[in-house]
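Breakdown of the fold
Letter by letter, the chains look like this.
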Amino acid sequence: MTNDELDRLADLIARALLERAPSNVRTHSATSWLPAPVRPAPPERGGEPPPWSGAAQDLTDVAPSANRDAAPRFRASTAELTRATRAAAGGKGAPPERSGREPERRLTRQRAANAPAIDVRIGVSNRHVHLSTADLATLFGTAPLTVARQLTQPGQFAAAESVAVHGPKGRIDGVRVVGPARGDTQLEIAVSDATALGVEPPVAASGALDGSIGGVTLVGPAGRVELRRGLIIAARHLHLAPADARRWGLRDGDRLDVRCGTGARAATLHDVLVRSGDGHATELHLDADEARAVAVKTGDPATILAWRTPGARKRALITERDVQNLARNGQPLPPNAILTPSAQDRARALGMLDR
Ligand SMILES: [Zn+2]
């Protein structure tokens, strides 16, 4: 057949189809001899083709836009997508790109693990004394303490009253009393104060007076108290409100690395003890020496860089293969290790485990 004959045949077929087509198609368009396309229901998952389809979907093919010149926007070439999808299904080509959200989540997790970077406010504690009810009465008589200033920690206040502290080598006047009265008298001083007084108290957590020393005398307007215990250099600590503890995943007893100060004297302080529970407001307590060393004052920010929970060190998981390797090298099982059942059997057989 010649091209002319083919054209005429196509024309005859088209006319025959058009005559048999439903009337609405005929009236809809004089040039169209196919039923008008119907837009299929969109796929359920956000307009993306299901992963098993193996083909990209472009609905403009099915239901052409009324405006033929309109460029398809926000859409990669269908042929390109189909090629990439088939290549991926066959295990070829580059792995699919992650959605924008996932790397962000990963970053957040990483940040939480490595660099939480939480800012807290610094409170500098000058030397001060907490007094038992008995010692308070001895030093000041029966009159109640006068509140000079409320402290950040709820219920605690700096009293107008102060005492003199006499040590073997010297004395310090005007040591502030912090109220209210508590069970045990506790005198908290800085290392430079200890040097001036001629004593060597331990660095201890407030309230942990087992290792504390005495050897100084408190002198008040109504009397004197010779301390047998209760003298400490307070360990740097972070008071932590329960809500902040929950928010930041910290617990009472955790140890922190905290960056303090800016510029030339900035430093990271290690082993900052977390004190958390009811009645704590979030504040980092440093003593006067520490604050001077890193050039910070009350109200300055400090940044928590890392923390660890003492005693929560990861226990090694020992497999049967590990047991064999250890035995071959003549090494014992690591203390506290967790053994898989087969590792236990092997270790028993090799005499490395008693029971
Ligand atoms: Zn404190």
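Scroll up a little and you will see the structure.
Quick look at the structure, then. These numbers were taken from a predicted model, which means no experiment stands behind them.

Digging into the overall build of the protein
The helix and strand inventory of the protein stands at 11 helices and 17 strands. Residue burial in the protein is summarised as follows: out of 355 residues, 32% are buried. Taking all contacts inside the protein whose residues are at least 6 apart in sequence as the whole, residues at least 24 apart take part in 62%.

Points about the sheet that holds strand β14 (residues 283-287)
Read around the barrel, six strands follow the order β1-β14-β11-β13-β12-β15 and close on themselves; strand pairing throughout is mixed. Going across the sheet, the axis of each strand differs from the next one's by a mean of 40°, ignoring polarity. As judged from the four bridges shared by strand β1 (residues 118-125) and strand β15 (residues 301-308), these two strands associate in the antiparallel manner. Within the sheet, the bridge partner assigned to V120 lies in β15 and is A302.

Comments concerning the coordination of the zinc ion
Surrounding the zinc ion are the protein donor atoms H237 (NE2), H239 (NE2) and H285 (ND1), which sit 2.1 Å from the metal. In primary-sequence terms, the residues that donate to the zinc ion follow H-x1-H-x45-H. Judged by its relative accessible area of 10%, H239 falls in the buried class.

Structural notes on the nonpolar core
Counting 23 residues, the largest nonpolar core has L131, V163, V165, V177, L187, V216 and L218 as the members making the most contacts within it. Of all the secondary structure elements, the ones that give two or more residues to this core are α6 (133-140), β4 (157-166), β5 (171-179) and α7 (191-197). A per-element tally of this core places β4 first, with four residues. Leaving out residues up to four positions away in the same chain, V165 has contacts with G170, R171, I172, V175, L187, L197, V216, T217 and L218. L250, V272, L286 and A291 belong to the second-largest nonpolar core, a separate cluster that totals 21 residues.

Here we look at the pattern of salt bridges
This model, assessed by the stated rule, comprises 12 salt bridges. Between R15 and D11 there is a salt bridge, and its shortest N-O distance comes to 3.4 Å. Placement of both R15 and D11 in helix α1 (residues 3-20) is noted, with a separation of four residues, approximately one turn of the helix. Looking at D11, the relative accessible area reads 39%, which means it is partly exposed. Here R171 makes a salt bridge to D173, at a shortest N to O gap of 2.7 Å.

Looking at a nonpolar patch on the surface
Among the surface-exposed residues, M1, L6, L9, L12, I13 and L17 lie close enough to one another that they form a single nonpolar patch of about 610 Å² accessible area. On the basis of relative accessibility, which here comes to 57%, the residue L12 falls in the exposed class.

Parameters at a glance
Residues numbered from 1 in each chain as written. Predicted model: local features only at pLDDT ≥ 70, side-chain atom pairs only at ≥ 80, totals over all residues. Heavy atoms only, no water. Helix = DSSP H or I, 4+ residues; strand = E, 2+ residues; numbered from the N terminus. Buried < 20%, exposed > 50% of the residue type's maximum accessible area, 1.4 Å probe, protein only. Contact = heavy atoms within 4.5 Å. Pairing = 2+ DSSP bridges. Axes fitted to C-alpha atoms, helices over the stretch in contact; angles between N-to-C directions. Donors = N, O, S within 2.8 Å, 3.2 Å for Na, K, Ca; no water. Core = buried A, V, L, I, M, F, W, Y, C linked by side-chain atoms within 4.5 Å. Salt bridge = Lys/Arg side-chain N within 4 Å of Asp/Glu carboxyl O. Patch = residues over 30% accessible without salt bridge, like charges linked within 9 Å, V, L, I, M, F, W, Y side chains within 5 Å. Areas by Shrake-Rupley, 256 points an atom, 1.4 Å probe, with all protein chains shown as cover.

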